[in-house]
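Residues per chain, in single letters:
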Amino acid sequence: MKLSKIKQLKSAAGYYMGRTSTDENGLIEPYCRLSGYSQLSNGNTGFKIKSLFICHDKDSDGFISMCLARLVMDKENDKIVGYNYETEGIDWIDNPEILHKYFNLYFIDVTPPADWLEKYGSWFNHICIIDHHKDKLDKIRKSTINCANIVIIDSDDKTKSGCRLFYEHEFSFKPINKFLLNIINKISEYDTWNWIHNPSEGEQFKILYTNHYVSKFFKASYIREANIIEELCDSFLYDKNIRKPVNYTSADYFAFYDNINKEFYKALDAIKFNERYNYKTKDGKYSIILIYDMYPTVFFQLAVIESRKDKKNQDIYRNTVFLFMSKSDEYSLPNCFTKDELMPFSVRTYPMYDIVGNEIESNQVTAIDFIKEYGQENDGGHKHAGGIHLKGLDYEFERKS
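Residues numbered from 1 in each chain as written. Predicted model: local features only at pLDDT ≥ 70, side-chain atom pairs only at ≥ 80, totals over all residues. Heavy atoms only, no water.

Caption draft 1: Just the pairing of strand S7 (residues 104-108), in detail. Taking burial as the measure, the 5 residues of S7 include 5 buried ones, the bulk of the element. Alignment of strand S5 (residues 51-56) against S7, held across 5 bridges, turns out to be parallel. Looking at the pairing, Ile54 lines up with Phe107 of S7. Note that S7 and strand S8 (residues 126-130) share 5 bridges and pair parallel. The residue bridging Leu105 from the neighbouring strand is Ile127, located in S8. In this view, the connection linking S7 to its parallel neighbour S8 by way of helix H3 (residues 114-120) has right-handed handedness. (Buried < 20%, exposed > 50% of the residue type's maximum accessible area, 1.4 Å probe, protein only. Helix = DSSP H or I, 4+ residues; strand = E, 2+ residues; numbered from the N terminus. Pairing = 2+ DSSP bridges. Right-handed = clockwise from strand over helix to strand, strands pointing away.)

Structure (structure tokens):
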């Protein structure tokens, strides 16, 4: 079955908003009625047009995008759902017909698969993609999609995250409280890693703590659970008890500061004692360091900055791709080398920056180039940070001598 766009149709009872469908024989059949009847024959006056907001549900940038969507959505008709680049196992991916009632689709801080858009994009009257992940957007721009109803909102300014772009797109003429605007600014600084160029150590820690607190808040619940997204967003937006710790006045902030110091030295040890998992790709193009039982947290970033002050370490970061595997993964290193299942890794490269935040080393290896060469079709991320899925045979790299 192929759905048409939502349009105004006529019946004996009057006009209504609805769709038609094409069956396997090519016949056009009425599919559904999406509104009440009206005697009006032009325009959409009197009809409620539904929108679906599909937001990234794995980080603070995506969650704050959900909160902004909650502020602009029609609470009776619209819906927010979470998504994290899956190509199957998601209702609207596997069964796009379930979206038949939505006039508009908004993808925020996340981009749908290009082949899905190519196949189903024409079903919808308006698709708006608001994202800052350039590699994902480039796949859409380079595909054969030719749908006038698809609009992409991005920016050449690499310091703007998904929630920042959404705020600028939807709230330019709408008031927003200072609390939420402060959150948007700090989450955008964190998500784009622009915080590392901030000359104020105090401001850096405020940015890190804001991300820590927001992430802790939404990860306490299974965010894809039915109706939980709207409830979480409302709690974050309107519960005054939520605001106090985010304003850096509670003891939690000082405990977080102490924890940064502990994790910082743990990360330094991981960098120093990595010889066991030090590899080269077989073509010699990439040096690989596997970091086990660690995640590329801000603590690791701070440790990189500290260790790179020693000039003898600078070549390590210029020529090396770091692969991080969480302890929670099903297989542990090095036993996972014998497995053929896809394994998730976080990928990082660490460039040098000048005092104003521009990269000094233009010839260093990058995370996104490594991901494009070794990753699956839907893997990706930023220039120096992203995600990749590898099979055992893919990452049996040659150990450095």
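Caption draft 2: Structural context of the pairing of strand S3 (residues 14-22). For S3, the buried fraction is high: 7 of the 9 residues fall into the buried class. For strand S1 (residues 2-3) and S3, the ladder comprises 2 bridges, and the chain directions are antiparallel. Following the sheet pairing, Leu3 is matched in S3 by Ser21. Where strand S2 (residues 7-11) hands over to S3, the hairpin turn is made up of 2 residues, counted between the paired strands. Of the strand pairs in this sheet, S3 and strand S4 (residues 28-33) are connected by 5 bridges, and their pairing is antiparallel. Each bridged residue has a counterpart across the sheet, and for Thr20 the counterpart in S4 is Pro30. The hairpin turn running from S3 into S4, its antiparallel successor, is 5 residues long, and Gly26 in that turn takes a positive phi close to 85°.

Caption draft 3: Representation of the environment of Leu323 in the model. Structurally, the position occupied by Leu323 is in strand S12 (residues 320-325). The spatial distance from the C-alpha of Leu323 to the C-alpha of Ile291 is 6.1 Å, given a sequence separation of 32 residues. Those residues in contact with Leu323 that sit more than four places away from it in its chain are Ile288, Ile289, Leu290, Ile291, Phe345, Ser346, Val347, Phe370, Ile388, Leu390 and Phe397. (Contact = heavy atoms within 4.5 Å.)

Any functional reading would require information that these geometric values do not contain.
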